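# Residue-level structure breakdown
This is what each chain is made of:
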Amino acid sequence: NKFSFIAKKCFRVESATIFVPSGTDLDYVRSHQTETDEIAKRVERQWKDVSVLGGSVVDEHLGTIVEDTLRKWANDKEKLANTACLPTLEHDNSSSLLSEVAEDDEETSGMQTVLSNITEEKEFQISEHSTLNESVKLKETPESSLSPRERLLMDSVIHMGHWLTETERDASLTVDLADLENIKNAIMQMQGFIDQLKMRHLDLLRIMDESQSKVVRERSEVMAVECNKILNECQRRKVTLTKMLEESRIWDRLRKSLTTWLTDVQKKVIDASKVDRADTETLKKELNEIQGIAEIAGEMKLRMDELNERSNALLDNYRADEGHNLSHTISKLNALWSKFNDK
């Protein structure tokens, strides 16, 4: 800054030539020594405070500047003490030097401002952190102040909430559209969920009646609403599964009848005697069988069409469930039917 610059000029030694300091410069330095010393101490104190706080906001480059400035001031004070006996002049030509170093004053002022800002930011962060901690404590206070009896009721409600989450997840499991046993088991499982949910709902209503704590009652009310929602979902799912089971049974009967008939027909056609080797009676018998197959083929074609329609309906109506096995089964059956027509 200006003070440091003038002080250096007063004490400069160059090429073994001792320069006599300007009287005006000495007057300026001595008159501002106390003020500058206070500024240096304040900067040093602020920097120590910032360093103790630590954190990413501490600028290492700024630290270097602060330490360098304080070191220079210490040297200037020592040199100033050695010039205490030198005379001063009220007026000389050194006033031009003051304008040369005006920018240095801004640097020192800026450094102090940065230090102040860093300190304020750290204090704000600490204050904000404390406020958040206090907020968390306030949120934890209602439950922590419950009596032992109310705590047991609250634990029951919390445990029931976990059970509801697991039940909702299990109730949403899918079934194989082509597996009748899988669908039957899902229906029985759903009925079990419904029975348990009804009992849990009654337990929650009982807790709401018995509890004297507003926190417990409100939590129980929320769980009761959730329990009732999942109960309705399970009831709807059971209705869907029951309908699915009936439709799958019809589909399965058609599939079995067509599979049996096509397999039997394929066997008769493949195992039939060759014309050039068969006698008349054998040929008549096989001809009658083929005529019987031809007569039934029309009816089987209608059944095959119905099976395809029911397959598509199952896949469309129950998209959320597993239809891969059903699609694979109907594809194989259609391939077998095409092979029969080719014969």
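Residues numbered from 1 in each chain as written. Predicted model: local features only at pLDDT ≥ 70, side-chain atom pairs only at ≥ 80, totals over all residues. Heavy atoms only, no water.

Looking at an unreviewed UniProt entry, one finds the protein chain named Dystrophin-1-like spectrin repeat domain-containing protein, with Onchocerca ochengi as its source organism.

On to the packing of aromatic side chains. Per the stated rule, a full pass over the model turns up 1 aromatic pair. Between the aromatic rings of Trp261 and Trp337, the centroid separation amounts to 6.2 Å while the plane-to-plane angle is 35 degrees, which identifies the pairing as tilted. Of this pair, Trp261 sits in helix 9 (residues 214-271) while Trp337 sits in helix 11 (residues 324-342), placing them 76 residues apart in sequence. Taking the relative accessible area as the measure of exposure, Trp261 reaches 11% and is therefore buried. (Phe/Tyr/Trp six-rings, centres within 6.5 Å; stacked < 30°, edge-to-face > 60°. Helix = DSSP H or I, 4+ residues; strand = E, 2+ residues; numbered from the N terminus. Buried < 20%, exposed > 50% of the residue type's maximum accessible area, 1.4 Å probe, protein only.)

In this section: the environment of Arg319. Note on placement: Arg319 falls in the loop between helix 10 (280-317) and helix 11. Relative accessible area serves as the criterion here: at 65%, Arg319 is assigned to the exposed category. Arg319 sits 142 residues away from Leu177 along the chain, and the two C-alpha atoms are 9.9 Å apart. A distance of 3.4 Å separates polar atoms of two side chains, one belonging to Arg319 and the other to Asp316. (Polar contact = N/O pair within 3.5 Å; in protein donor to acceptor, adjacent residues only side chain to side chain.)

Here the focus is the side chain of Ser211. Along the chain, the position of Ser211 falls in the loop between helix 8 (180-210) and helix 9. For Ser211, a relative accessible area of 3% translates into the label buried. Polar contacts involving the side chain of Ser211 include one to the side chain of Glu150, which spans 2.7 Å. When near neighbours in sequence (up to four residues on either side) are disregarded, Ser211 contacts Glu150, Leu153, Val216 and Arg217. (Contact = heavy atoms within 4.5 Å.)

With that out of the way, let us pick up the pattern of salt bridges. Side-chain pairing between opposite charges can occur once the charged atoms of the two side chains come close. Across all of its chains, the model carries 17 salt bridges by this definition. For Glu210, the salt bridge goes to Arg206, with nearest N and O atoms at 3.2 Å. Within this pair, Glu210 and its partner Arg206 are both found in helix 8, separated by 4 residues, close to a single helical turn. Residues Arg310 and Glu306 are paired through a salt bridge, measuring 3.2 Å at the closest nitrogen-oxygen approach. With Arg310 and Glu306 both in helix 10 and 4 residues apart, this pair spans about one turn of that helix. (Salt bridge = Lys/Arg side-chain N within 4 Å of Asp/Glu carboxyl O.)

Attention now goes to helix 8. For helix 8, with 31 residues, the first-to-last C-alpha span of 46 Å sits near the 45 Å given by 1.5 Å per residue. Looking only at helix 8, the buried set comprises Leu180, Ile183, Ala186, Ile187, Met190, Phe193, Ile194, Leu197, Leu204 and Ile207. Structurally, the start of helix 8 carries an N-cap: the backbone nitrogen of Glu181 is 3.2 Å from a side-chain oxygen of Asp179. (Expected span 1.5 Å × (residues − 1).)

The biggest cluster of nonpolar side chains holds 47 residues, and the ones touching the most others in it are Leu197, Cys234, Trp261 and Leu307. Contributions of two or more residues to this core are made by helix 7 (148-171), helix 8, helix 9, helix 10 and helix 11. (Core = buried A, V, L, I, M, F, W, Y, C linked by side-chain atoms within 4.5 Å.)

This brings us to the confidence of the model for the protein chain. In the predicted model, the protein chain carries a mean pLDDT of 75, and the fraction of residues at 70 or more is 60%. Per-element confidence in the protein chain ranges from a low mean pLDDT of 42 for strand 1 (residues 13-14) to a high of 95 for helix 8. Note on residues 13-20: pLDDT under 50 across the span, and 3 contacts to partners over four residues away in sequence or across chains. Taken together, the stretch residues 128-141 has pLDDT below 50 and engages in 0 contacts with residues farther than four places along the chain or on a different chain. (pLDDT = per-residue confidence, 0-100.)

Close contact between helix 7 and helix 8 brings their axes to 11 Å; oriented N to C, the two are set at 155 degrees. The angle between helix 7 and helix 8 places the two elements in the roughly antiparallel class. Classified by chirality, the crossing of helix 8 by helix 7 is left-handed. In this structure, helix 7 uses Arg149, Leu153, Ser156, Val157, His159, Met160, Trp163, Leu164, Thr167, Asp170 and Ala171 to contact helix 8, whose residues at the interface are Met190, Phe193, Gln196, Leu197, Arg200, Asp203, Leu204, Ile207 and Glu210. (Axes fitted to C-alpha atoms, helices over the stretch in contact; angles between N-to-C directions. Parallel < 35°, antiparallel > 145°, perpendicular 65-115°, else oblique. Left-handed = near helix turned anticlockwise from the far one by under 90°.)

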